[in-house]
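Descriptive analysis of the structure
Read off the chains here:
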Amino acid sequence: MRDTEIPGTEAAAPPARPRWWTELPLILVVYACYSAGRLLVRGDVSDAVDHGLAILRLEKALHLNAEHPLNRLFTSEPWLGVPADFWYASLHYLVTPAVLVWLFRSRTVRYRAARTWLMTSTFIGLIGFTLLPTCPPRLLDAGHGFVDTMAYYSSYGWWGGEASAPRGLGGMTNQYAAMPSLHVGWALWCGVILWRYGGTRTAKAAGVVYPLVTTIVVMGTANHYFLDAVAGAAVMGAGLLLTPYVMRCADLLRARLAGRAPRRGTPVAPVPADTGSPIVSAGCQTSAGERIPRQRDQRFPSGAEPDTAPAQAGDGTPAPAR
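What comes next is a walk through the structure.

Assigned secondary structure in the chain consists of nine helices and two strands. Ordered by position from the N terminus, the helices and strands of the chain form the series α-α-α-α-α-α-α-α-α-β-β. Across the 322 residues in the chain, those meeting the buried criterion constitute 36%. A fraction of 78% describes how many contacts in the chain between residues 6 or more apart in sequence connect residues 24 or more apart. Looking at the chain as shown, the accessible area adds up to about 19,200 Å², and 64% of this sits on carbon and sulfur atoms.

Have a look at this one:
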């Protein structure tokens, strides 16, 4: 994983620190849209099955179908299968928010670009769910050789046999939203953030291990194909490239909505009161009766000003009036 800067973070710090009471509702709204989108865009089941079988055939042709051996291993070894199910059912919803909160508190300058990257990629993934509903391996006919480990080990956890949702709530999820795998995509985002900004060897190691183990887990539990994981990584790459443009559009929209009205608390320069003093030059004023040397009296525009002091004779006595 290359030590590179996230686009949008190399610029100067934003003018104002993000506020948690604005960030939290924003993230909740985006996640609600993501969940609702997955739920509403169910697609046709037959199309989803056809797409899943097409992916499986392509992987076999390319010798990439690692799902079968991993699924058999997780099914035959509970000490691997049960932790994998807990990993799949929980960490996706715990690690990502934890990394967001940590980034917000300790790397505020980097937070906005990283958050925008995550949200942009999530919406791209939602487009993928819409255009390509895909049946995961665990929902294919048993003749294809896959075992749903979430159902197989359901007595160990809170999930049921329908999905990673709690028992009885499986109908509230879209089980055909397999392409791309945002489990892998979000894990990759967390890995990049931990590698780039973690600062310690432990954080960097976690940044490598977490997305790799997540990729193995989603295949071993028969929730995703290998190409789903590849698509999840591709979605995050597309979101990374689009992040600077999304941030720029957001800034333009914010400026347009704000207009030219000054922000609250911005000092306004006082307007000087009219003292009646004559204006000599731009911004320069004189007090009453004061004259600048070699300045003509405005009362005599022809320049024929009267003498304001009596001339003196050579001996120092006042000269007679003319």
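So much for the structure itself; the text now carries on.
Let us now look at the side chain of Thr-149. Relative to the assigned elements, Thr-149 resides in helix α6 (residues 149-152). Since its relative accessible area comes to 0%, Thr-149 is described here as buried. If we ignore the near neighbours within four places in the chain, the residues touching Thr-149 are Asn-71, Phe-74, Thr-75, Asp-85, Gly-220 and Thr-221.

So, about helix α2 (residues 45-62). Spanning 18 residues, α2 covers 26 Å between terminal C-alpha atoms, matching the ideal 26 Å at 1.5 Å per step. Following α2 by one or two positions, His-63 has its phi on the positive side, about 60°.

The next thing to look at is the environment of Leu-182. In this fold, Leu-182 is placed in helix α7 (residues 182-197). Between the C-alpha atom of Leu-182 and that of Ser-121, which follows or precedes it by 61 residues, the distance is 8.9 Å.

Two elements in contact, α2 and helix α9 (residues 226-258), have axes separated by 9 Å at closest approach and are oriented at 95°. Taken together, the axes of α2 and α9 are roughly perpendicular relative to one another. Facing α2, whose interface residues are Ile-55, Leu-58 and Glu-59, α9 presents Phe-226, Leu-227 and Asp-228. A per-class count over the contact of α2 with α9 returns four nonpolar, no polar and two charged.

What follows is about the packing of α7 against α9. Helix-helix packing is described using two parameters, namely the angle between the two axes and the distance between the axes. For the pair α7 and α9, interaxial distance at closest approach is 7 Å and the crossing angle is 45°. Here α9 runs oblique to α7, going by the angle between their axes. Note on packing geometry: the crossing formed by α7 with α9 is right-handed. On α9, the residues touching Leu-182, Val-184, Gly-185, Trp-186, Leu-188 and Trp-189 of α7 are Ala-229, Gly-232, Ala-233, Val-235 and Met-236. Classifying every residue of the contact of α7 with α9 by side-chain character gives nine nonpolar, two polar and no charged.

Conventions and cut-offs
Residues numbered from 1 in each chain as written. Predicted model: local features only at pLDDT ≥ 70, side-chain atom pairs only at ≥ 80, totals over all residues. Heavy atoms only, no water. Helix = DSSP H or I, 4+ residues; strand = E, 2+ residues; numbered from the N terminus. Buried < 20%, exposed > 50% of the residue type's maximum accessible area, 1.4 Å probe, protein only. Contact = heavy atoms within 4.5 Å. Areas by Shrake-Rupley, 256 points an atom, 1.4 Å probe, with all protein chains shown as cover. Expected span 1.5 Å × (residues − 1). Axes fitted to C-alpha atoms, helices over the stretch in contact; angles between N-to-C directions. Parallel < 35°, antiparallel > 145°, perpendicular 65-115°, else oblique. Nonpolar A, V, L, I, M, F, W, Y, C, P; charged D, E, K, R; others polar. Left-handed = near helix turned anticlockwise from the far one by under 90°.

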